[in-house]
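So the chains spell out like this:
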Amino acid sequence: MYSIKEQQTEMQKTDTKLDALIVGLGKTGMSCVRFFSSKDLSVAVTDTRTNPPYLDELKDNYPEIEFVYGEPTDALCEQSQQIVVSPGVSLKTPAIKAAITQGKTVIGDIEIFCRNAKAPIIAITGSNGKSTVTTLLDLMAKADNKSVLTGGNLGVPALDLLNESIPQYYILELSSFQLETTFSLNAFASVVLNISSDHMDRYDSLEQYIAAKEKIYAGTNKAIVNVDDPYVNNMLISNKVLTFSSYKNTQADCYLDKHEDEEWLFNQDERVIAISSFGLKGKHNISNALAAMALANVMNISNSAIKQVLETFKGLPHRCQLIAESNGVDWINDSKATNVGACIAAIEGLDKPGKILLIAGGDSKDADLEDLLPVLQANVKFLLLIGKDAMRFAQLIDGKVEYELLADINEAVRQAGKIADSGDTVLLAPACASLDMFENYQQRGDVFTAAVNSWSHS
């Protein structure tokens, strides 16, 4: 076996033509390796990490496939019939950008999936809530005895779903990064749940980010539209539309309204579930439930199955998850709130103005934080700031909200425990990515949970 340096030199000087160059050896990249290998196609893999997560699996199961350390080179791209880019890899990477300019095929795993899928695709994207909606829809379909396979940005990589028996529907959660390199989706039904500033370290503008999300509607048979979101309403949608609204908009197909002094979710004017019976917490989850309901409609899922799931599903980990109640103080883990919109949704969803101690900060990804200020002023009692961009938050609030800069989550939890009063809620909703301090948002949430449990039992 070559050393990494020897592999790189050998690959760059050979004239061998590759069927594909796979850029990135994470979960998605490894699924691409499995797919191409099953078709007896020749591939090489490149990654800027010296020890990417699936390197051992690649070496053990596919010893014939070369791994090249570093960014893809012009030489590697020229030798490859197509370049398959993992979602975490920017299309601005020099060799990839040059390949696009030259007309080389540059795609992602979702494009490959779409070319090979034999069942209708339900496609879900949005700045926030897509994992919750994807999970709700999966559960609703199964409760109604429909065969579905679910994955993409959530759970199982899309290409691995092709190894299973063909279902009635595929349900895919899709990120903007995945949509950038997808051209043949033509989903049976698709939705952009909402738009808020995110990934501004990757996109040149909010408009560019929105354009990536908007691609999910291209060629779709049924577009599901959140009429409450102005960005979504401005998207070019020329096909069949089903709408949802959480603002008592009875003109929508799925909406929130009152019946006998109680709020209900309505599906095309039929009452489905009272909010008092709702399993999910937070006002933002009303919108998520209505989106799932609208998608369920196009899949002919019964209202009884929808109701059953909305009564019993309590939410995904790290998303407005109540992890402890101690001395009258609620501790909530919303580590998945990795952008401003998600943070705002978490704060407003609690509906506890002046009673929230917010732990925020991390890598803000160059996002505009301005929309947070009025929400913080109206709702947050104290701000506990951590991470790389803590000072950006401090400068934003400029003394309008009490705050403290802290070294890490453990210190933030200890300080919150000292100053919280009965009736308060300590909320981890960082409005930032976690990679400045953690492997991912899950680890951040786990560290927070451990710190809270340690504090509440001390």
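Treat the numbers as computed from the prediction; the structure is a model and nothing was measured. (Residues numbered from 1 in each chain as written. Predicted model: local features only at pLDDT ≥ 70, side-chain atom pairs only at ≥ 80, totals over all residues. Heavy atoms only, no water.)

A.B. asks: Whenever I open this one, the overall build of the protein confuses me. Can you help?
C.D. replies: What the protein contains, in helices and strands, is 18 helices and 20 strands. Computed over C-alpha atoms, the radius of gyration of the protein comes to 23 Å, within 12% of the 23 Å expected from 2.2 N^0.38 for 458 residues, which places it in the range of a compact globule. Taken along the three principal axes of its C-alpha coordinates, the protein extends 70 × 50 × 40 Å. Expressed as a percentage of its 458 residues, the buried residues of the protein come to 57%. Of all intrachain contacts in the protein linking residues separated by at least 6 positions in sequence, the fraction that spans at least 24 positions is 64%. Approximately 19,400 Å² of the protein is accessible, and the part contributed by carbon and sulfur atoms is 46%. Averaging the locations of the 40 positively and 59 negatively charged side chains of the protein gives two centres separated by 2 Å. (Helix = DSSP H or I, 4+ residues; strand = E, 2+ residues; numbered from the N terminus. Rg over C-alpha atoms; globule rule 2.2 N^0.38 Å. Buried < 20%, exposed > 50% of the residue type's maximum accessible area, 1.4 Å probe, protein only. Contact = heavy atoms within 4.5 Å. Areas by Shrake-Rupley, 256 points an atom, 1.4 Å probe, with all protein chains shown as cover. Lys, Arg positive; Asp, Glu negative; His and termini not counted. Charge placed at Lys NZ, Arg CZ, Asp CG, Glu CD.)

A.B. asks: Looking at this structure, I do not really get the pairing of strand β12 (residues 254-259). What am I missing?
C.D. replies: The side chains of a regular strand alternate, first on one face of the sheet and then on the other. Here strand β11 (residues 240-245) runs beside β12; their pairing, made up of two bridges, is parallel. Bridged to Ser-245 within β12 is Tyr-255. Direction of pairing for β12 relative to strand β13 (residues 262-267): antiparallel, over a ladder of six bridges. Bridging from a neighbouring strand, Tyr-255 pairs with Phe-266 of β13. With antiparallel pairing between neighbouring strands as the criterion, β12 and β13 make up a hairpin whose turn holds two residues, including Glu-260 at a positive phi of roughly 50 degrees. (Pairing = 2+ DSSP bridges.)

A.B. asks: Explain the sheet that holds strand β5 (residues 105-107) to me, please; I cannot follow it from the model alone.
C.D. replies: Strand pairing within a sheet occurs via backbone hydrogen bonds; the two strands may be parallel or antiparallel. One open sheet accounts for five strands, arranged β3-β2-β1-β4-β5; its pairing is parallel. Looking at which strands have only one partner, the edges of the open sheet turn out to be β3 (66-69) and β5. Taking the axes of each pair of neighbouring strands and ignoring which way they run, one obtains an average angle of 20 degrees across the sheet. With four bridges joining them, strand β2 (residues 43-47) and β3 adopt parallel strand pairing. Bridged to Ala-44 within β3 is Glu-66. Contacts from helix α2 (residues 27-38) reach β1 (20-23), β2 and β4 (82-85) within the one sheet, and its direction differs from that of β1 by about 160 degrees. Sitting on the sheet, helix α5 (residues 94-101) is in contact with β1, β4 and β5, with an inclination near 125 degrees to β5. (Axes fitted to C-alpha atoms, helices over the stretch in contact; angles between N-to-C directions.)

A.B. asks: Looking at this structure, I do not really get the pairing of strand β20 (residues 425-428). What am I missing?
C.D. replies: Of the two faces of β20, the one carrying Thr-425 and Leu-427 and the one carrying Val-426 and Leu-428 are both buried. Pairing of strand β16 (residues 329-333) with β20 involves four bridges; the strand directions are parallel. Among the inter-strand pairings, Asp-330 is bridged to a residue of β20, identified as Thr-425. Taken together, the four bridges between strand β17 (residues 356-360) and β20 define a ladder with parallel strand orientation. What sits directly across from Ile-359, in β20, is Leu-428.

A.B. asks: Whenever I open this one, the nonpolar core confuses me. Can you help?
C.D. replies: If you look at soluble globular proteins, the nonpolar side chains tend to sit buried side by side. Among the nonpolar cores identified, the biggest contains 49 residues, and Phe-36, Leu-58, Phe-113, Ile-121 and Leu-185 are the most heavily contacted of them. The element best represented in this core is α2, accounting for five residues. Non-local contacts of Phe-113, meaning those with residues more than four positions away in its chain, are made with Ile-121, Ala-158, Leu-159, Leu-161, Leu-162, Tyr-170 and Leu-172. One finds Ile-122, Leu-136, Leu-242 and Ile-306 within the second-largest nonpolar core, a separate group that totals 41 residues. (Core = buried A, V, L, I, M, F, W, Y, C linked by side-chain atoms within 4.5 Å.)

A.B. asks: Please clarify how the sheet that holds β17 should be interpreted in this entry.
C.D. replies: In spatial order, the strands read β15-β16-β20-β17-β18-β19; together these six strands make up an open sheet with mixed pairing. For this open sheet the edge positions go to β15 (321-326) and β19 (403-405), each flanked by a neighbour on one side alone. Averaged over neighbouring strand pairs, the angle between their axes works out to 15 degrees when direction is ignored.

A.B. asks: For this particular structure, what's the right way to read the pattern of salt bridges?
C.D. replies: Opposite charge on two side chains lets them pair, provided their charged atoms get close. One pass over the full model with this rule turns up 15 salt bridges. Asp-363 is the partner of Lys-388 in a salt bridge, and the nearest nitrogen-oxygen pair spans 3.5 Å. Residue Lys-388 is located in the loop between β18 (380-385) and α16 (390-397), and its partner Asp-363 is located in the loop between β17 and α15 (372-379); the two are separated by 25 residues in the primary sequence. Among the salt bridges present, the one from Lys-381 reaches Asp-421, with a minimum N-O distance of 2.8 Å. Note that Lys-381 is positioned in strand β18 and Asp-421 in the loop between α17 (409-419) and β20, a separation of 40 residues in sequence. Connected via shared salt-bridge partners are Arg-34, Glu-57 and Asp-160. (Salt bridge = Lys/Arg side-chain N within 4 Å of Asp/Glu carboxyl O.)

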